[in-house]
Amino acid sequence: MIFAKSKAAFDEAKKYIPGGVNSPVRAFKSVGTHPLFIERAEGSRIYDIDGNEYIDFVGSWGPMFLGHGKACVLDAVRKAADNGLSFGAPCLKETELAKRICDIVPCVDVVRMVNSGTEATMSAIRLARGFTGRDLIVKFEGCYHGHSDSLLIKAGSGAATFSTVSSAGVPEDFARHTLVLPYNDLDALSDAFENYGDMIAGVIIEPVAGNMGVVPPKDGYLQKIRELTSEYGSVFIVDEVMTGFRLSLSGALGLFNIDADIVTFGKIIGGGMPVGAYGGRREIMEFVSPQGPVYQAGTLSGNPIAMAAGNAQIEYLQNHTEIYDEVNKKGEYLEADFLKSAAKYDIPIRVNRVGSMLSVFFTDTDVTDFKTASRCDTERFKTYFNLMLERGVYLAPSQFEALFISDAHTDEDLEKTARAFEETIKILKDC
Ligand SMILES: *Cc1c(COP(=O)(O)O)cnc(C)c1O
């Protein structure tokens, strides 16, 4: 496979864009190569500027749940574009998408549109703080909620519960307002509430973690957070930016049958356009401006093109709920085949999967939190990634990301992927 044009394009991009990319993981740094520049995508396939074709399991990091270039989504976008790209005034499509979300997700009474997942979670925690009059936020190690200052916080070293910033440029003061707990640790959760419960404005979690690789919640874990937040009057924020409309029509909340106080969305609700949203109980959402004192605004929020794409994609899902069983079956197939190949060549892996989100971890211990995820052999992942790419399978370029299955993946795509996996594992055996 030849990547000459992508390589040259990256060199050129680096002259004008920091690191040559507009979002860091795209740089392929952790797999030791350079990014592919994509020319176009269709269905389950993407094509780079060197003319290579790949089966795409990134799906723009989640939004393309129906595959690329879904006709109903493209038609809606074209039609909307003819009427103008942005008005900065209300349009009917905003209410339509808001109504769809409220109809589908039981605990969402009202919802505010924003432009990204980052904006959604940033606004949600501001709202939790404004609503409760408290400052402290609880988050979990390995969960990613976008790049706002308050959420770029990681666990401190040692036994101390308090935390430290995970990016330069975030004042250490922010870390004082965020408690970072290990994912799936019930004792740590109970201790945190026992010690600080009356100070906790909100708890934010990925209901199925996807940003340390896929890590499902243990049985009863989300329910326990629900109980404790209710008991202490804290706001339970479930970040469904990745899982929303993917794990079921009503997301992880529907899958696990729990309610949140605030839910954040992004990715799938935009159909590939830049969108985020946060919604929840009316009593809480009434704190958002202009009704309430928590300020939040956006020049391009509720953009008509983005709303058109989102409505079309969500409407399609509402009318084709069988998709959820189908993508789950595709996931089962890949999981089983990957495990079979790994066993055949005696390469230790763990596969974590919930529905259409899956991660292959190169490790011989179960991955249940950030600590166990961090034990993976990232050098082996690097080799694996590049071998899969050469075989026409485009995966997320990091051990700590999910593989996304879409409605557009065909049986042939899955068989080809399974074959590429077996060949790759066989080569890994000899590395
Ligand atoms: C992608 C993601 C975000 C951030 O969304 P952006 O649109 O990239 O800002 C937040 N939370 C979760 C769980 C995500 O997967």
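What follows deals with the overall build of the chain. Regarding its fold elements, the chain presents 14 helices and 16 strands. Referenced to the eigenvectors of the C-alpha coordinate spread, the extents of the chain come out at roughly 60 × 60 × 45 Å. Per-residue burial for the chain yields a buried fraction of 54% across its 431 residues. Looking at the chain as shown, the accessible area adds up to about 18500 Å², and 51% of this sits on carbon and sulfur atoms.

As a structural note, the neighbourhood of the ligand is formed by Ser116, Gly117, Thr118, Tyr144, His145, Gly146, Glu206, Asn211, Asp239, Val241, Met242 and Lys267. One nitrogen or oxygen atom from the side chain of Asn211 is found 3.2 Å from an oxygen atom belonging to the ligand. Within the side chain of Asp239, one N or O atom sits 2.7 Å away from a nitrogen atom of the ligand. For the ligand, whose free accessible area comes to 380 Å², the fraction covered by protein is 83%. Class assignment of the residues belonging to the shell around the ligand gives a composition of three nonpolar, six polar and three charged.

Before going further, it helps to examine the nonpolar core. Among the nonpolar cores identified, the biggest contains 92 residues, and Ile101, Phe140 and Phe245 are the most heavily contacted of them. Each of domain 1 (4-69 + 322-430) and domain 2 (71-319) contributes no fewer than three residues to this core. If near-sequence neighbours (up to four positions away) are discounted, Ile101 is found in contact with Val108, Val111, Met113, Phe245, Phe265 and Ile269. Core analysis: the second largest hydrophobic core is formed by 18 residues, Leu127, Val235, Ile284 and Val294 among them.

Moving on to the side chain of His68. Following the sequence through the fold, His68 ends up in the loop between strand E3 (53-56) and helix H2 (71-82). Take His68: its relative accessible area is 14%, and that puts it in the buried class.

With burial as the criterion, each face of strand E2 (residues 45-48) is covered, one bearing Arg45 and Tyr47 and the other bearing Ile46 and Asp48. As defined by bridge partners, strand E1 (residues 38-42) adjoins E2 across four bridges and the pair is classed as antiparallel. By the bridge assignment, Ala41 is partnered in E2 with Ile46. In sequence, E1 turns back onto E2 through a hairpin of two residues, with Gly43 there showing a positive phi of about 60 degrees. One ladder, built from three bridges, connects E2 with E3; its direction is antiparallel. Paired with Ile46 across the bridge in E3 is Tyr54. In this antiparallel pair of consecutive strands, E2 and E3, the connection spans four residues, and Gly51 shows a positive phi of 90 degrees.

Okay, the pattern of salt bridges next. Enumeration according to the criterion identifies 18 salt bridges in this entry. Between Lys15 and Glu12 there is a salt bridge; the shortest N-O distance is 2.9 Å. Within this pair, Lys15 and its partner Glu12 are both found in helix H1 (residues 4-16), separated by three residues, close to a single helical turn. Given a relative accessible area of 39%, Glu12 falls into the partly exposed group. Residue Arg391 pairs with Glu423 through a salt bridge whose shortest N-O separation is 2.8 Å. Pair noted here: Arg391 is in the loop between helix H13 (378-390) and strand E15 (393-394) and Glu423 is in helix H14 (residues 411-430), with a separation of 32 residues, a long-range link. Counted as one network, the salt bridges with shared partners bring together Arg226, Asp261, Arg281 and Glu283.

Note that the residue after Ser289, namely Pro290, is joined by a cis bond; omega there is 10 degrees. With respect to the helices and strands, Pro290 occurs in the loop between helix H9 (282-285) and helix H10 (304-319). Phi at Asn257 is positive, roughly 55 degrees, even though this residue is not glycine. Structurally, Asn257 can be placed in the loop between helix H8 (251-256) and strand E11 (262-265).

Overall, the coordinates contain 15 aromatic pairs when judged by the stated rule. Ring centres 6.4 Å apart and planes at 40 degrees place the aromatic pair Phe28 and Tyr394 in the tilted group. Here Tyr394 lies in strand E15 and Phe28 lies in the loop between H1 and E1, a separation of 366 residues in the sequence. Like Phe28, the residue Tyr394 is buried in the burial classification. Here the aromatic rings of Phe245 and Phe265 are separated by 5.8 Å at their centres, their planes lie at 45 degrees, and the arrangement is tilted. Here Phe245, found in the loop between strand E10 (235-239) and H8, pairs with Phe265, found in strand E11; they are 20 residues apart in sequence, far enough to count as distant. For Phe245, a relative accessible area of 1% translates into the label buried.

Time to look at the side chain of Asp413. Looking at where Asp413 falls in the secondary structure, it is placed in helix H14. Asp413 has contacts with Ser44, Arg45, Ile55 and Ala408, leaving out every residue within four places of it along the chain.

Let us look at the domain arrangement of the chain. Assigned domains of the chain: these are domain 1 (4-69 + 322-430) and domain 2 (71-319). Look at where the C-alpha atoms of domain 1 and domain 2 centre, and you get two points 26 Å apart. Between domain 1 and domain 2, the contact holds 30 residues from the first and 31 residues from the second. Taken over both partners, the interface formed by domain 1 and domain 2 buries close to 2400 Å², and the fraction arising from carbon and sulfur atoms is 67%. Looking only at domain 1, the three residues that lose the most surface to domain 2 are Tyr324, Val354 and Met357, adding up to 26% of its buried area. Across the domain 1-domain 2 interface, the total number found is zero salt bridges. For the pair domain 1 and domain 2, the interface holds 10 residue pairs in polar contact (both at pLDDT 80 or more). Going through the elements one at a time, helix H11 (322-344), strand E13 (350-354), strand E14 (357-361) and helix H12 (370-373) are the ones with two or more residues in the side of domain 1 that touches domain 2.

Calculation criteria
- Residues numbered from 1 in each chain as written.
- Predicted model: local features only at pLDDT ≥ 70, side-chain atom pairs only at ≥ 80, totals over all residues.
- Heavy atoms only, no water.
- Helix = DSSP H or I, 4+ residues; strand = E, 2+ residues; numbered from the N terminus.
- Buried < 20%, exposed > 50% of the residue type's maximum accessible area, 1.4 Å probe, protein only.
- Areas by Shrake-Rupley, 256 points an atom, 1.4 Å probe, with all protein chains shown as cover.
- Near = heavy atom within 4 Å.
- Polar contact = N/O pair within 3.5 Å; in protein donor to acceptor, adjacent residues only side chain to side chain.
- Nonpolar A, V, L, I, M, F, W, Y, C, P; charged D, E, K, R; others polar.
- Core = buried A, V, L, I, M, F, W, Y, C linked by side-chain atoms within 4.5 Å.
- Domains from an automatic or database assignment.
- Contact = heavy atoms within 4.5 Å.
- Pairing = 2+ DSSP bridges.
- Salt bridge = Lys/Arg side-chain N within 4 Å of Asp/Glu carboxyl O.
- Phe/Tyr/Trp six-rings, centres within 6.5 Å; stacked < 30°, edge-to-face > 60°.
- Buried area = accessible area lost by both parts, 1.4 Å probe.

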